[in-house]
Amino acid sequence: MSDAPVAEDVRAAAARIEGLAHRTPVLRSRTLDERVGATLFFKAETFQRTGAFKFRGAANAIARLTPEQRRLGVVAFSSGNHAQAIALAARCADVPAVIVMPNDAPAIKLEATRGYGAEVVLYDRYAEDRQAIGTRLADERGLTLIPPFDHPDIIAGQGTAALELLEETGPLDLLLAPLGGGGLLAGTALAASLLSPKCQIIGVEPEAGDDGKRSFAAGKIISIPVPATIADGAQTTALGRLTFEIIRERVTAIETATDEQLRSTMRTLATRMKLVVEPTGCLAAAAVLEGVVPVAGKRVGIILSGGNVDFGSL
Ligand SMILES: *Cc1c(COP(=O)(O)O)cnc(C)c1O
C-alpha cells in the first residue's frame, strides 16, 4: 500500500495553512498573451513568505507534528528555499529548528536562516554527507527530519498554490510547474484533479538535469550526477518515490528549458511584468514564452515558484 497523499490532502493542507501562508496574486500580461496567442495566468509565489512556495509545504508539515514532536523540534538539510521555509514555519509554530547547511553556502542565506531563529549546523559538502548528518542529529536529539519534497505533507502543502490558482481562474487547458524533486509538480497535479480534472499538467526541468523527463519515459526513477545549471532550486539528482508515483499517474509530459531560455525569461518577466523571479522559478514560464510548449488558443496556468535571486548574479 502506498503512503502517497491524495487530492483531498491538498484541500486539508489549504485549510491548515490559511492565515499562515500568503494567498499570492494571480497576474496577467496583455503583452505576453499577445506574444504567444494564449491566455496566461501567472501564480506569483515570488510573493510567498520567504520568497518561494516552499513555505506552504513547510507550514503544513509542521502543523501536522504531534505535541511531543513539536517540543523536541525539527531538522532539515538544504542550502536553498526549503531551509528558510522550515526555519520560518517552525518559528511561527514555536518549534525549535535545526538546519544543516554547507559551510560554503552564501553568507546571505546563512544569515537569513539564522534570522528566522533556526540553529544552523554547518558541514563540508565535499567531505561529509548531509543526509547522514541530518539523520544523526535526528537520532541524537529526537528531532523530526522534514525532507524537501518526498513527504506526503510537503507534497500536499505545495499543491495549495495550484489550488488557489484554479479557484481564481476556473478550469484551465494547461498548467505548468517547475520540477526539481517533484513536490511542487505532484501537489499541482493533485490540486488540478480536484478543480480542473481535464487540464494537462506539464513539469519543466533544466535541460542539464533532465532526470525527470528520462524517468517519466522509462517508467522508473533514474538518478543523475548534480547537474550544472543556473536553476539551483532544481539541481536535484532524482525524483522521490512518492513524487514519482503521483507524477507518473497524473502528469501529461515533462519538458526542459536551457539556461539561456531561463535568462531570457528572467529578463522578460522583469521588463514586462516588473517581477523578480529566480532562475528555477522561471522554468514553467520559459517553456511557454520560449516556445517549448505550444499554447496558442489555450488557457494556461504558470507557476512562478520563487524570487530569491542573488543580486550579484542578477
Ligand atoms: C524547490 C524549488 C523548486 C522545485 O520544487 P520540487 O518540489 O523540488 O520539485 C522550484 N522552484 C523553486 C523556486 C524552488 O525553491
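Residues numbered from 1 in each chain as written. Predicted model: local features only at pLDDT ≥ 70, side-chain atom pairs only at ≥ 80, totals over all residues. Heavy atoms only, no water.

### Some thoughts on the overall build of the chain
Which entries qualify depends on this criterion: Secondary structure follows DSSP: runs of H or I at least 4 residues long count as helices, runs of E at least 2 residues long count as strands, and numbering of each begins at the N terminus. Residue burial is assigned from relative accessible area. The probe radius is 1.4 Å, only protein chains are included, and a residue is buried under 20% of its type maximum, exposed over 50%, and partly exposed in between. Between two residues, a contact is recorded if the distance between any of their heavy atoms is within 4.5 Å. Using a 1.4 Å probe, accessible areas were evaluated by the Shrake-Rupley method; residue-level cover was limited to the displayed protein chains. Under the counting rule used here, the positive set is Lys and Arg, the negative set is Asp and Glu, and His together with the chain ends is not counted. Charge positions are represented by NZ for Lys, CZ for Arg, CG for Asp and CD for Glu.
Across its full length, the chain holds 14 helices and ten strands. Seen along its three principal axes, the alpha-carbon backbone of the chain occupies a region of about 55 × 40 × 40 Å. Residue burial in the chain is summarised as follows: out of 314 residues, 56% are buried. A sequence separation of at least 24 residues applies to 72% of the contacts in the chain between residues at least 6 apart. Accessible surface computed for the chain: about 13000 Å², of which carbon and sulfur atoms make up 49%. Charge-centre separation for the chain: the mean point of 33 positive side chains lies 4 Å from the mean point of 36 negative side chains.

### Quick notes on the UniProt feature "domain: Tryptophan synthase beta chain-like PALP" (unreviewed entry) in the chain
The following threshold applies: UniProt positions are given in the numbering used here, feature names are shortened, and annotations may be inferred rather than shown by experiment.
Per the UniProt entry, the sites bearing "domain: Tryptophan synthase beta chain-like PALP" (unreviewed entry) are residues 20-306 in this numbering. Within residues 20-306, the helical portion is 44% and the strand portion 17%, while the C-alpha atoms at the span's ends are 17 Å from each other.

### Quick word on unusual backbone geometry
Positive phi values are uncommon outside glycine, yet aspartate 94 reaches one of about 60°. Note that aspartate 94 resides in the loop between α5 (81-92) and β4 (97-102). Although it is not a glycine, lysine 274 adopts a positive phi angle of roughly 60°. Relative to the assigned elements, lysine 274 resides in the loop between α13 (259-273) and α14 (283-289).

### Here we look at the site of the ligand
Going by this rule: The criterion for a residue being near a molecule or strand is simple. One of its heavy atoms has to lie within 4 Å of it. Pairing of N or O atoms within 3.5 Å defines a polar contact, subject to two protein rules: one partner must be a possible hydrogen donor and the other a possible acceptor, and residues neighboring in sequence count only if both atoms are side-chain atoms. Classification used: nonpolar for Ala, Val, Leu, Ile, Met, Phe, Trp, Tyr, Cys and Pro, charged for Asp, Glu, Lys and Arg, polar for all others including Gly.
Near the ligand lie 15 residues; those nearest to it are Lys54, Asn81, Gly180, Gly182 and Ser305. In this structure, asparagine 81 approaches the ligand through a side-chain N or O atom, which is 2.8 Å from an oxygen atom. Note that an oxygen atom of the ligand is positioned 2.8 Å from one of the backbone N or O atoms of glycine 180. Class assignment for the residues of the shell around the ligand results in four nonpolar, nine polar and two charged.

### As for helix α9 (residues 160-169)
Burial within α9 is extensive, with eight of its ten residues counted as buried. Backbone geometry just after α9 places glycine 170 at a positive phi near 75°.

### A look at the pairing of strand β2 (residues 39-44)
Worth spelling out the cut-off: Two strands form a pair only when DSSP identifies at least two bridges running between them.
In terms of residue burial, β2 counts as a mostly covered element, since five of its six residues are buried. Judged from the two bridges that link them, strand β1 (residues 26-27) and β2 form a sheet pairing that is antiparallel. If you follow valine 26 over to β2, its bridge partner there is lysine 43. In the sheet, β2 pairs with strand β10 (residues 299-304) via six bridges, with the strands oriented parallel. Bridge pairing links alanine 44 to leucine 304 in β10.

### Topic: the environment of threonine 24
Its place among the elements puts threonine 24 in the loop between α1 (7-17) and β1. Along the backbone, threonine 24 and threonine 268 are 244 residues apart, and their C-alpha atoms lie at a distance of 20 Å. Leaving out residues up to four positions away in the same chain, threonine 24 has contacts with Lys43, Ala44, Glu45, Phe47, Gln48, Arg56 and Glu164. A distance of 2.5 Å separates the side chain of threonine 24 from the side chain of glutamate 45, its partner in a polar contact.

### Describing the pattern of salt bridges
When the charged atoms of two side chains lie near each other, side chains of opposite charge can form a pair. Under the convention used in this document: Criterion for a salt bridge: a side-chain nitrogen of Lys or Arg within 4 Å of a carboxyl oxygen of Asp or Glu.
Following the criterion strictly, the structure yields 17 salt bridges and no others. For aspartate 3, the salt bridge goes to arginine 241, with nearest N and O atoms at 3.2 Å. Of the two residues, aspartate 3 sits in the segment before α1 while arginine 241 sits in helix α12 (residues 241-250), which places them 238 residues apart along the sequence. For arginine 241, a relative accessible area of 49% gives the class partly exposed. Arginine 114 is the salt-bridge partner of glutamate 111, the closest N and O atoms lying 3.5 Å from each other. Of this pair, glutamate 111 and arginine 114 both sit in helix α6 (residues 107-115), three residues apart, which is roughly one turn of that helix. Bridged by salt links that share partners, the residues Lys43, Glu45, Arg56 and Glu164 form one connected network.

### Describing the sheet that holds strand β7 (residues 174-178)
Basically, it comes down to this: Between N-to-C directions, angles span 0 to 180 degrees; the directions come from axes that are lines fitted to C-alpha atoms, helices contributing only their stretch in contact.
The sheet built from six strands is open, its strands ordered β1-β2-β10-β7-β8-β9 with mixed pairing. Every interior strand has two partners, whereas the edge strands, β1 and β9 (253-257), have only one. Both β7 and strand β8 (residues 200-206) contribute to a ladder of five bridges, which runs parallel. Among the inter-strand pairings, leucine 176 is bridged to a residue of β8, identified as isoleucine 202. Docked against the sheet, helix α10 (residues 183-195) engages β7, β8 and β10, running at close to 160° with respect to β7.

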